[in-house]
Amino acid sequence: MSPLHPLLPLSILVILSIDIVATASSSSSRFRPGSAVVDNPKLPPPPLSSSKRFEGSSDLVHLRYHMGPVLSSSPIKIYLIWYGKWALSQKILIKDFLSSISADPGTTPSPSVAEWWRTASLYTDQTGANVSRSVVIAGEYSDLRYSLGTHLTRLSIQQVIASAVKSAPLPVDHRNGIYLVLTSGEVIVQDFCRAVCGFHYFTFPSMVGYTLPYAWVGNSGKQCPEVCAYPFAIPGYMGGGGTAALSPPNGDVEVDGMISVIGHELAELSSNPLVNAWYAGEDPTAPTEIGDLCEGLYGSGGGGGYIGAVMKDKEGRSYNLNGKNGRRFLVQWLWSPVLKACAGPNALD
Ligand SMILES: *[C@@H]1O[C@H](CO)[C@@H](O)[C@H](O)[C@H]1NC(C)=O
């Protein structure tokens, strides 16, 4: 959930090693011909997650089930709320990612967004029902006039949802609905950049009239791309170290950066929608969830400043997943309850 936690002082990493560049071998059947170079660049760790990252397999991670529901009703229906002004191209990019989650395998080459979501669908509730593999965009609402202003708190995000369901453009969908609030670049949100890039929770009946799972993710482009659009922007203190930010797969630092945060929040929302299902740690007010455990990790061999082996297209843009409409995305891995490790479909082994 990327909950509140104190920022650790950012340690200055001295990079002594040169970047390791591996090339996909022809025996690596997961990569299609022509899909090119695989590299594992060394970057500073993502600023907000250093306290929570667990690389590779670990018996120390006690991710436990706390008896609550998961999002098992099919399809999971996403109601999108665009808060503030969004470019059409940016909306289309985000919607292409969301509709790639349950894209037909025939339409999307491996490693795909749908294969990435399979890790989320390994989580079950006490009845044995899995997180649904099917995710659709069921409705959209644009709050172009910033109806609650350009400074939002955690609670006023619930009011944004309340106004979207009360003025009735969006239904109250108890059975399958999740509400995804996306704030545009000029909107300041409590704790944004300082402690979180996104979060998920559920609405309160006193605020919204109902208990509905929701997530918020902000566009960090004008505020803190080096924090929330990592690794397409990296902290300034690394600037002189010869490390360059990665080139975003769709040429949009802000929104390509949001996509991984959206993936993180959706996976956690699905496996822990009422914050009483899957999380690690003893403190339910600061749970460590299936996205938190793998933040900053996008491929095999990640950790210690390496993001893991990801692909590069011929323009040098980095990605690890294929999506619908020929799109490519770079999305962090998720914790697998089966492997007890971070997992993604672009794994090299
Ligand atoms: C449901 O989850 C279980 C346990 O992780 C897994 O073995 C099974 O393959 C999953 N089923 C589906 C349809 O994803």
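Residues numbered from 1 in each chain as written. Predicted model: local features only at pLDDT ≥ 70, side-chain atom pairs only at ≥ 80, totals over all residues.

**Re the sheet that holds strand β9 (residues 198-202)**
Within a sheet, each strand pairs with its neighbour through backbone hydrogen bonds, oriented either parallel or antiparallel. Taking strand neighbours across the sheet as the criterion, the five strands line up as β5-β4-β7-β10-β9 in an open arrangement whose pairing is mixed. At either end of the open sheet lies a strand with only one pairing partner, and these are β5 (135-143) and β9. If you compare each strand with its neighbour and ignore which way they point, the axes differ by 20° on average. As defined by bridge partners, strand β7 (residues 177-183) adjoins strand β10 (residues 213-218) across five bridges and the pair is classed as parallel. (Pairing = 2+ DSSP bridges. Helix = DSSP H or I, 4+ residues; strand = E, 2+ residues; numbered from the N terminus. Axes fitted to C-alpha atoms, helices over the stretch in contact; angles between N-to-C directions.)

**So, the nonpolar core**
Core analysis: the biggest nonpolar cluster contains 90 residues, and Ile81, Val113, Ile161, Tyr179, Leu180, Val181 and Leu334 have the highest contact counts within it. Of all the elements, helix α6 (residues 253-271) adds the most residues to this core, at eight residues. Those residues in contact with Ile81, other than ones at most four positions away along the chain, are Tyr141, Asp143, Val160, Ile161, Ala164, Tyr179, Leu180, Val181 and Leu182. (Core = buried A, V, L, I, M, F, W, Y, C linked by C-beta atoms within 7 Å. Buried ≥ 20, exposed ≤ 12 C-beta atoms within 10 Å, placed from the backbone. Contact = placed C-beta atoms within 7 Å.)

**Points about the site of the ligand**
In the region of the ligand, the neighbouring residues are Ser121, Leu122, Thr124, Asn130, Pro337 and Val338. Grouping the amino acids of the shell around the ligand by side-chain chemistry returns three nonpolar, three polar and no charged. (Near = placed C-beta within 6 Å. Nonpolar A, V, L, I, M, F, W, Y, C, P; charged D, E, K, R; others polar.)

**Examining the packing of helix α1 (residues 88-100) against α6**
Running from N to C, α1 and α6 cross one another at 30°; their axes reach a closest spacing of 10 Å. Taken together, the axes of α1 and α6 are roughly parallel relative to one another. Note on packing geometry: the crossing formed by α1 with α6 is right-handed. Between α1 and α6, the residues in contact are Gln90, Leu93, Ile94 and Phe97 and Val255, Ile259 and Ile262, respectively. Here the residues of the contact of α1 with α6 sort into six nonpolar, one polar and no charged. (Parallel < 35°, antiparallel > 145°, perpendicular 65-115°, else oblique. Left-handed = near helix turned anticlockwise from the far one by under 90°.)

**Quick notes on the confidence of the model for the protein**
Across the protein, the average pLDDT comes to 86, with 83% of residues at 70 or higher. Here residues 3-34 scores under 50 on pLDDT; set against residues more than four positions off or in separate chains, the count is 40 contacts. For the stretch residues 50-56, pLDDT sits under 50, and the model shows 17 contacts to residues farther than four places along the chain or on other chains. (pLDDT = per-residue confidence, 0-100.)

**Focus on the pairing of strand β4 (residues 76-83)**
In terms of burial, β4 is a largely internal element, seven of the eight residues being buried. Pairing of β4 with β5 involves eight bridges; the strand directions are parallel. Within β5, the residue paired with Ile81 across the bridge is Tyr141. With seven bridges joining them, β4 and β7 adopt parallel strand pairing. The residue of β7 that forms the bridge with Tyr79 is Tyr179.

**Here we look at unusual backbone geometry**
Here Ser74 and Pro75 are connected by a cis peptide whose omega angle stands at -10°. Its location among the elements puts Pro75 in the loop between β3 (63-65) and β4. Following Tyr230, the chain continues into Pro231 via a peptide bond in cis, with omega recorded as 0°. The residue Met67 is not glycine, and still its phi comes out positive at about 80°. Here Met67 is to be found in the loop between β3 and β4. Here the phi dihedral of Tyr146 falls at roughly 50°; this positive angle occurs in a residue that is not glycine. Under the C-beta neighbour-count criterion, Tyr146 is labelled partly exposed, with 17 such atoms within 10 Å.

**Points about the environment of Ala229**
Mapped onto the elements of the fold, Ala229 is located in the loop between α5 (225-228) and α6. Overall, Ala229 belongs to the buried group, with 27 C-beta atoms counted inside 10 Å. Spatially, the C-alpha atoms of Ala229 and Met258 are 6.3 Å apart, while their sequence positions differ by 29 residues. Sequence-distant contacts of Ala229, defined by excluding residues within four places in its chain, comprise Ser220, Gly221, Val253, Glu254 and Gly257.

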